[in-house]
Amino acid sequence: IDLAAIGLPPDSVRAGQVVTVTLHWQALAPVAGDYTGFVHLVAPGGGDVTQDDHLPLDGQFPTRLWVPDAVVLDPYRLELPAGLATGTYKLYGGFYRAETGERLRAVSPGSGERWHDDLVYLGALVVD
């Protein structure tokens, strides 16, 4: 599965908002099994702030049904806590098997190097 594109929220957001991150996944080959997708918002000092984990399209289009070259636009809703401090937060995403928690291997498209903890860096979110 390739991350073909990322749809991020506007330049800055506010505490208490619900923001949507849309990931455009593309199957490169038939996918064996079902994977749960996730997007985590991580604080500047580390630690998850909020997350959205779900089967693609809220279970309507599981990965085992994906065909090669098909692109799936999957929105992830992040509820920002009301008291969230201003700053720049990092977004990470990927896939895992719900029954084991094992993440799908994530590698850099340029170098082929495996990313730390199989987390795909999606970008930054600035909270004003």
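For clarity, every value in this text was computed on a predicted model and none was experimentally measured. (Residues numbered from 1 in each chain as written. Predicted model: local features only at pLDDT ≥ 70, side-chain atom pairs only at ≥ 80, totals over all residues. Heavy atoms only, no water.)

A. Quick peek at the environment of leucine 8. Structurally, leucine 8 is set in the loop between β1 (2–7) and β2 (12–13). Look at leucine 8 and you get partly exposed, because its relative accessible area is 38%. Leucine 8 sits 12 residues away from threonine 20 along the chain, and the two C-alpha atoms are 7.1 Å apart. Residues within four places of leucine 8 in sequence aside, it is in contact with Thr20, Val21, Leu91, Leu122 and Gly123. (Helix = DSSP H or I, 4+ residues; strand = E, 2+ residues; numbered from the N terminus. Buried < 20%, exposed > 50% of the residue type's maximum accessible area, 1.4 Å probe, protein only. Contact = heavy atoms within 4.5 Å.)

B. Broad picture of the pattern of salt bridges. For the structure shown, the criterion picks out 3 salt bridges. The salt bridge partner of aspartate 34 is arginine 64, with a shortest N-O separation of 2.9 Å. Here aspartate 34, found in the loop between β3 (18–26) and β4 (36–42), pairs with arginine 64, found in the loop between β5 (48–54) and β6 (71–79); they are 30 residues apart in sequence, far enough to count as distant. (Salt bridge = Lys/Arg side-chain N within 4 Å of Asp/Glu carboxyl O.)

C. Geometry of the nonpolar core. Residues Leu23, Val39, Leu41, Leu78, Leu80, Leu91 and Leu125 are the most contacted members of the largest nonpolar core, which totals 24 residues. If you list the elements that add at least two residues to this core, you get β3, β4, β6, β7 (87–96) and β8 (120–127). Every residue in contact with leucine 78, bar those within four places of it in the chain, is listed here: Gln17, Val18, Val19, Val21, Val39, Leu41, Thr50, Gln51, Asp52 and Leu91. By size, the runner-up hydrophobic cluster in this structure holds 5 residues, among which are Phe38, Val42, Tyr96 and Leu119. (Core = buried A, V, L, I, M, F, W, Y, C linked by side-chain atoms within 4.5 Å.)

D. Local environment of the sheet that holds β5. Pairing is mixed across the open sheet formed by 5 strands, whose spatial order is β2-β8-β7-β4-β5. The open sheet has two edge strands with one neighbour each: β2 and β5. The sheet contact formed by β2 and β8 spans 2 bridges and is parallel. Among the inter-strand pairings, valine 13 is bridged to a residue of β8, identified as valine 127. (Pairing = 2+ DSSP bridges.)

E. Representation of the packing of aromatic side chains within the structure. In this structure the tally under the stated criterion is 6 aromatic pairs. With 6.1 Å between their ring centres and 75° between their planes, tryptophan 66 and phenylalanine 95 make a pair best called edge-to-face. Of this pair, tryptophan 66 sits in the loop between β5 and β6 while phenylalanine 95 sits in strand β7, placing them 29 residues apart in sequence. Exposure remark for tryptophan 66: the relative accessible area of 3% places this residue in the buried category. By relative accessible area, which is 3% here, phenylalanine 95 ends up buried. (Phe/Tyr/Trp six-rings, centres within 6.5 Å; stacked < 30°, edge-to-face > 60°.)

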